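The residues making up each chain are set out below.
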Amino acid sequence: MKKFIIAANWKMNKNVAESLLFIKNLDTKIRNRSDNSKIDKIEILIFPPFTALHPIKGKSFFISTGSQNIFFEKNGAYTGEISPEMVKEIAEYTLIGHSERREIFGETDEEINKKIKIALSNGLKPLLCIGESLEERESGKTFKKIEEQLEKNLSGLTPEEIEEIIFAYEPIWAIGTGKTATPGQAQEVHAYIAKLINSKCSVEKKRMILYGGSVKPENSRELLSQNDISGALIGGASLNVDSFFDIIENSLELV
């Protein structure tokens, strides 16, 4: 029986009032389902803006929260940053290495590695994002890019620490573009990621690897049905409570 993580990355969207209303409406939709016997087989994560993290935490039994980013120091003169010691009071998870952080803000693999380490040392569960650009995909460098990212991002981590990380494959060319990797393309990369992770751990097992890249209700069921896809990291479709709930429903049909 599969288990899924269905995660919403709201990016720079929704104020506090809008965030609270979304959580209230989503909670109501879940509670009103005729059969919630399998609801414990999925985990629903919300990554809201920092301003909404504290207000929405604990507002629904069904929903966990995470930050969209952290800094790699616990405190200090870092204007505009937020430390894992602050985040851990109001969230269980943190996104690390999202393509927009890498591409727009110039985050390096070395910085991402430091963020993973400090997140783990503070009891936060990292959700590490990796993926290739369109140019890398078209030139046949997808697997090389994935391997390089994992080698650098996981450098110095013990097998036990790697076990604590959730991974997300997000092809950069499919984020916010409306393009989506075919289920076969996504499965191929997910299987490769799982193989690389297992090679770094003492136990070979099924890995939690989410797919992120224009996931919508219309394509989510086929994507989630792939053997090595363990959930979805959803951007635009997670901003609408109905579409996000539909993706949750699709995942519940597969557990």
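Refer to the structure printed above.
Residues numbered from 1 in each chain as written. Predicted model: local features only at pLDDT ≥ 70, side-chain atom pairs only at ≥ 80, totals over all residues. Heavy atoms only, no water.

With respect to the layout of surface pockets
Then comes step 1: By volume, the largest pocket amounts to about 490 Å³.
Then comes step 2: Lys11, Met12, Gln68, Arg101 and Phe105 are, among the 17 residues lining the largest pocket, the residues nearest its centre.
Then comes step 3: Class assignment of the residues belonging to the lining of the largest pocket gives a composition of eight nonpolar, five polar and four charged.
Then comes step 4: For the second largest pocket, the calculated volume is near 250 Å³.
Then comes step 5: Lining the second largest pocket are 14 residues; nearest its centre among them are Ile39, Asp40, Ile42, Glu43 and Ile44.
Then comes step 6: Secondary structure elements with two or more residues in the lining of the second largest pocket: strand E1 (4–9), strand E2 (42–47) and strand E3 (63–67).
Then comes step 7: Among the elements that line the lining of the second largest pocket, the one with the most residues is E2, at three residues.
Then comes step 8: The residue makeup of the lining of the second largest pocket, split by class, is nine nonpolar, one polar and four charged. (1 Å grid on protein atoms, 1.4 Å probe; cavity = no way out; pocket = protein on both sides within 12 Å on 5 of 7 lines; lining within 4 Å. Points joined across faces, edges and corners; volume = space filled by probe spheres on them. Nonpolar A, V, L, I, M, F, W, Y, C, P; charged D, E, K, R; others polar. Helix = DSSP H or I, 4+ residues; strand = E, 2+ residues; numbered from the N terminus.)

Overview of the pairing of strand E5 (residues 125–130)
Walk down a regular strand and you will see the side chains alternate between the two sheet faces.
Then comes step 1: With five of six residues buried, E5 lies mostly within the body of the structure.
Then comes step 2: With four bridges joining them, strand E4 (residues 93–96) and E5 adopt parallel strand pairing. Bridge pairing in E5 places threonine 94 opposite proline 126.
Then comes step 3: Sheet topology note: the E5/strand E6 (residues 166–169) ladder contains four bridges and is parallel. (Buried < 20%, exposed > 50% of the residue type's maximum accessible area, 1.4 Å probe, protein only. Pairing = 2+ DSSP bridges.)

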